[in-house]
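A look at the structure
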Amino acid sequence: MNIRTSTKGGDKMLNQMVVVGRLTSDLELRESENGNQYSTLTLAVPRAFKNAEGVYETDFIPVKLFGKVAEHTSEYCHKGDIVGVKGRVQSGSYEKDGETKFSLDIVAEKVTFLSSKNKEHEDRSER
């Protein structure tokens, strides 16, 4: 495994995430003013444990995609598909109603298609 780290002040640092989940919707490929392609997706990731009421909760994780990653993902991956995303965490801020809001997103470096919801449905129908 090749892991890139940055060194600042002699400390080793790493900003890398791997998340596997279901796409909550089809992706819409967009183009920025300067002609770069981009898209966003949300991954639904069930937690591995139950809450106090005995229910498995789900986290909804926002992911930003750019360039060929955005193009290929929007073309081949659809709502309900399971994908793996490798990327980095990016923090940001914006103004809304006079207040500064903060956000955390994953910026995808690679998206791997793992399973189709339609394929799972077809496999169960054949039994």
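Look up a bit, the structure's there.
Everything in this summary refers to the structure shown in the same document. (Residues numbered from 1 in each chain as written. Predicted model: local features only at pLDDT ≥ 70, side-chain atom pairs only at ≥ 80, totals over all residues. Heavy atoms only, no water.)

To continue, consider the nonpolar core. If you look at the biggest cluster of nonpolar residues, it comprises 15 residues, and the most contacted ones within it are L23, L41, L43, V63, L65, V83 and V85. Those elements giving two or more residues to this core turn out to be β3 (17-23), β5 (37-50), β6 (56-66), β7 (82-96) and β8 (99-115). (Core = buried A, V, L, I, M, F, W, Y, C linked by side-chain atoms within 4.5 Å. Buried < 20%, exposed > 50% of the residue type's maximum accessible area, 1.4 Å probe, protein only. Helix = DSSP H or I, 4+ residues; strand = E, 2+ residues; numbered from the N terminus.)

Looking now at the pairing of β7. Across 6 bridges, β3 lies against β7 in antiparallel orientation. Note on β7: the bridge partner recorded for V19 is V85. The pairing of β7 with β8 spans 15 bridges and is classified as antiparallel. Residue pairing across strands places K86 opposite K110, the latter belonging to β8. The loop that links β7 with its antiparallel partner β8 comprises 2 residues; one of these, D97, has a positive phi angle of about 55 degrees. (Pairing = 2+ DSSP bridges.)

This part takes up the pattern of salt bridges. For the structure on display, the rule yields 7 salt bridges. Linking K64 and D105 is a salt bridge whose minimum nitrogen-to-oxygen distance equals 3.5 Å. Of the two residues, K64 sits in strand β6 while D105 sits in strand β8, which places them 41 residues apart along the sequence. Among the ionic pairs, K68 bridges to E71, the shortest N-O distance being 3.5 Å. Linking K68 with E71, this pair stays in helix α1 (residues 67-76), spanning 3 residues, or about one helical turn. (Salt bridge = Lys/Arg side-chain N within 4 Å of Asp/Glu carboxyl O.)

Functional significance is not addressed by these values, which are geometric in nature.
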